Every structure is written in C-alpha cells, then in structure tokens.
Amino acid sequence: MNTLDQKLFIILELQVKVSNIDLSEMDTVILAGGLGTRLRRVVSDRPKVMAEINGKPFLCYLLDQLAEENIERVIISTGYMAGKIEEAVGFSYKGMKVDYSEEETPLGTGGSLKLAGQIVNTKHCLVMNGDSYTEFDLDSLLIKHQKRNTSVTIIVKVVDNTSCYGTIQMDEKNRITDFTEKGNTSGKGIINTGVYLMKTSVLYAIPEKINYSLENDFFPRMVGNGIYGYETKGKFIDIGTPASYLSANEFFKKLNVSFDCR
C-alpha cells in the first residue's frame, strides 16, 4: 500500500456517521483555474469561466444556481487570469460570501481543490467544475449522500454519445465500480457532470503542491471506498470546446434562466 492509499485508508477508518447536513453548514468550491486552451480560439482575453453567454459570464450562471439554493459561502478556485474573476465577482454575490483560493502554478482539478480545501470550514463541501452547468435537486442529493454515509457522491448523467467524456460504471446500488478516461468510449453511457458532494476530510488524501486530477487520479483510487453516483435527469452542458460554447446561448434560453449578474 503506497502513502496516498494509506492516508485514504486512515481517513475512511476514522470517519463517523454524520448528523443531518444543512446547506448553511456546507461551503461550495467552484474550480475556475483552468487555462481553457480548447476554447482559446473563440475566448482569448479572459478565463473560460468568464466567457459571455447571453450577455453575462458563464460563472454567473453557476453562482445564480447556488444563490437559488441558499448557499451561504462560495470559494472560487482561480489560476489563469485570476484577477479578472475577482474584479467581476467581488467578495459577495446575492447574499453569498465569496472567497478565493489562487494557485500560483497549474495544479489540476485535484491539486486546486486540495489548496482550496485549506479554507473550507465545513464537514462537507459541494464542488463544481467551472466550465459545466448541471441541473440537479440539491436536497435529494444531500439526502442520498447522508443516507449512505458516502465519502464522495458524483452527480452523473446518461448521454447518447460519450466520446467527448470520461465514463463511469456503477452497480445496482449506485456504487461506482470503474472509470474510463475520455476518448476511450462512444455510444450511450454514464458521464461525470463535474458536480461532487464530499466529506471535506477526504481532501487530506490528495497530495499537496503537484498537478493532480480528480477525474483521472483521485476518484479511481476511491473505488471501493465509499464513492457513489447520483443520477440527474436535468439538463447539462460543458462549454469547454468552441462548439459547445457556441451552443450555450440557446441552452440557457431553453432553460429560461433569466437571472441578472450581480
């Protein structure tokens, strides 16, 4: 057993069953530090989370979604062009307190979450990729996560074409049994939407100050150690490519999302 696996084993052994989770007691981390290289051809002057859709930054759609759920504190994990995000959003948004965790060098989704975890003050945290939007029922997610005493719950979705995504396999109890990396599958399947509910204590098992992926490094190590999927029937979009970004205007019009930024 290597050092990382030993840490994970100790964490899972020491965890005790938790009481009811309250939204006011759960910080949310938005991972917004990516370079956005695939999107650079159409969005070159700002971080991809600040790419405008129907006249407002994509990040605002995520913040609006959280505000509607009465989330009280958001931590935005930044990196590339971090100043543009902080300048646009500030330190409060529709009643939510906004803090920042800035990486000095690219750390990947896992490394940036590890860094942001240093200022997470709650036993559980909601984590969202900054380049995708997912409709889901947060109350139902919390109930399922708590009932199973789960370490990590990943919101998943069935799509008709998985070729642009990594895929997930689950058993009849929704325990995740395997991950397949992006580009190795096609046709109908289950994908990771980039929204996670976690026990904050599991972040201890992520190594510090290195480029580390949640999707490719950390989550596969969690198989068999309390990692579950929660399927949403809601709409989903990832704006990480020029084609998907250009379709986002119509996506949000169909959702009838009309919140004002700030």
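Everything below is about the structure shown above.
An account of the accompanying structure is given in this report.

1. Section: unusual backbone geometry
Leaving glycine aside, a negative phi is the common case for residues, and trans is the common case for peptide bonds.
Thought 1: Positive phi, close to 50°, is recorded for Asn54, a residue that is not glycine.
Thought 2: Here Asn54 shows up in the loop between strand E2 (52–53) and strand E3 (56–57).

2. Some points on helix H6 (residues 214–222)
Residues lying three or four places apart along an α-helix face the same way, a consequence of the helix completing one turn every 3.6 residues.
Thought 1: Three or more residues of H6 are buried, namely Leu214, Phe218, Phe219 and Met222. All buried residues of H6 lie within an arc of 90° about the axis, which places them on one face of the element.
Thought 2: Trailing H6 by a residue or two, Gly224 shows a phi angle of about 90°, which is positive.

3. Some remarks on the pattern of salt bridges
Thought 1: Applying the stated rule across the entire model yields 10 salt bridges.
Thought 2: Here Lys48 and Asp131 are joined by a salt bridge, their closest N and O atoms 2.8 Å apart. Here Asp131 lies in the loop between strand E7 (124–129) and strand E8 (132–134) and Lys48 lies in the loop between strand E1 (26–32) and E2, a separation of 83 residues in the sequence.
Thought 3: Judged by relative accessible area, which is 16%, Lys48 ranks as buried.

Definitions and limits used
- By convention here, each chain's residues receive numbers from 1 onward along its written sequence.
- Restriction of local features to residues with pLDDT of at least 70 applies here, the model being predicted, together with a cutoff of 80 or more for giving and counting side-chain atom pairs; totals for whole chains, interfaces and linings are based on all residues.
- Side-chain figures throughout are based on the complete set of non-hydrogen atoms in the structure, without hydrogens or water.
- For helices the rule is a DSSP run of H or I covering at least 4 residues; for strands it is a run of E covering at least 2, with both sets numbered from the N terminus onward.
- Partly exposed describes any residue whose relative accessible area lies between the buried limit of under 20% and the exposed limit of over 50%, with all areas from a 1.4 Å probe on protein chains only and scaled to the type maximum.
- Picture the helix axis, draw a direction to every C-beta atom, and the arc is the one those directions span.
- Whenever a carboxyl oxygen of Asp or Glu lies within 4 Å of a side-chain nitrogen of Lys or Arg, that contact is scored as a salt bridge.

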